[in-house]
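Observations on the three-dimensional arrangement
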Amino acid sequence: MKLMYAPQSPFARKVRVAVIELGLGDEIEPVLQAVAPVKENADYAANVNPLRKIPALLLDDGRVLYDSTVICEYLDDLAGGGQILPAPGPDRWDVLTQHALAQGMMEAAVLVRYETWLRPGERRWPDYVDDQWDRIESGLDWFEANAKGLVGPVNITHVALGCLLGYLDFRWPDAGWRDGRSRLTNWSNWFARRDSCKQTEPHDP
Ligand SMILES: N[C@@H](CCC(=O)N[C@@H](CS)C(=O)NCC(=O)O)C(=O)O
């Protein structure tokens, strides 16, 4: 299987962390793929993902899977099921909802990145950027208040949250998300010690 990824992408990192946590490293060949809004990428759109986004997983039988959450579900199945996604039951809904929060924060962070790095200066909309940051801050507060629930075997919420926090450190090292959030900081230190985190540190290509 081929994983279309970029080393700075938090969504692609989610899949790369999941691959390592699930012990599937030998089955995946990473393939560097450059994508960005307003970048024409007709081949990729026609043959891989019409949305022109990474990550995408090319299966050996020719099928293509996207997005990161779908790929994580597929990999979880491949690893026997019930590994990073709980089996059906109340826990599953809690994990999926918390994952949706971490995923939404990641989407907000990538929107801020595009708005401040890609969009020409004269067309930027500071209120929009502030609003996205506000969503990220609210999510961080929620995880700080509920950090006790972040224990136990690694699941897809941990993977997404760890990648989001890593992306904040990578793009905005002075943003200070740790300030007043000691429980989330401790949790992040635990996640940072995992091999899956160390082997997938974000960097520009
Ligand atoms: N919901 C998607 C989001 C993926 C995504 O937005 N990836 C970014 C890179 S971090 C991308 O491909 N951006 C290119 C673009 O928006 O044109 C997922 O979970 O995989």
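Preceding this paragraph is the structure being described.
Bear in mind that the values here come from a model prediction, so they are computed numbers and not experimental data. (Residues numbered from 1 in each chain as written. Predicted model: local features only at pLDDT ≥ 70, side-chain atom pairs only at ≥ 80, totals over all residues. Heavy atoms only, no water.)

1. Description of the pattern of salt bridges
By the definition in use, this model includes 10 salt bridges. Here aspartate 169 ties to arginine 178 by a salt bridge, and the two come within 2.8 Å at their closest N and O atoms. By relative accessible area, aspartate 169 is classed as partly exposed at 27%. Taken together, the salt bridges that share partners define one network made up of Glu137, Asp141 and Arg181. (Salt bridge = Lys/Arg side-chain N within 4 Å of Asp/Glu carboxyl O. Buried < 20%, exposed > 50% of the residue type's maximum accessible area, 1.4 Å probe, protein only.)

2. Description of the pairing of strand S1 (residues 2-5)
For S1 and strand S2 (residues 29-32), the ladder comprises four bridges, and the chain directions are parallel. Looking across to S2, one finds that lysine 2 is bridged to glutamate 29. Crossover S1 to S2 through helix H1 (residues 10-21) is right-handed. With three bridges connecting them, S1 and strand S3 (residues 56-58) associate as antiparallel partners. Paired with leucine 3 across the two strands is leucine 57, which belongs to S3. (Pairing = 2+ DSSP bridges. Helix = DSSP H or I, 4+ residues; strand = E, 2+ residues; numbered from the N terminus. Right-handed = clockwise from strand over helix to strand, strands pointing away.)

3. Structural notes on helix H5 (residues 126-145)
With 20 residues, H5 ought to run about 28 Å at 1.5 Å a step, and its terminal C-alpha atoms sit 28 Å apart, in line with that. Within H5, the full set of buried residues consists of Val129, Gln132, Trp133, Ile136, Gly139, Leu140, Phe143 and Glu144. All buried residues of H5 fall inside an arc of 145 degrees around its axis, so they share one side. Facing away from the buried side of H5 by more than 90 degrees, the exposed set consists of Asp127 and Ala145. Looking at the packing, one finds that the buried side of H5 touches helix H4 (90-118), helix H6 (156-171) and helix H7 (182-192). (Expected span 1.5 Å × (residues − 1). Arc of directions from axis to C-beta. Contact = heavy atoms within 4.5 Å.)

4. Structural notes on the nonpolar core
Counting residues in each nonpolar core, the largest one holds 31 residues, and the members touching the most others are Leu140, Leu161, Leu164, Leu165, Leu168 and Leu184. Listing elements by their share of this core, those giving two or more residues are H1, H4, H5, H6 and H7. It is H6 that provides the largest number of residues to this core, a total of eight residues. Ignoring sequence-local partners within four residues, the contact set of leucine 168 consists of Ala109, Trp133, Ile136, Leu140, Pro173 and Trp177. Counting 20 residues, the second-largest nonpolar core is a separate cluster that includes Met1, Val19, Leu75 and Ile84. (Core = buried A, V, L, I, M, F, W, Y, C linked by side-chain atoms within 4.5 Å.)

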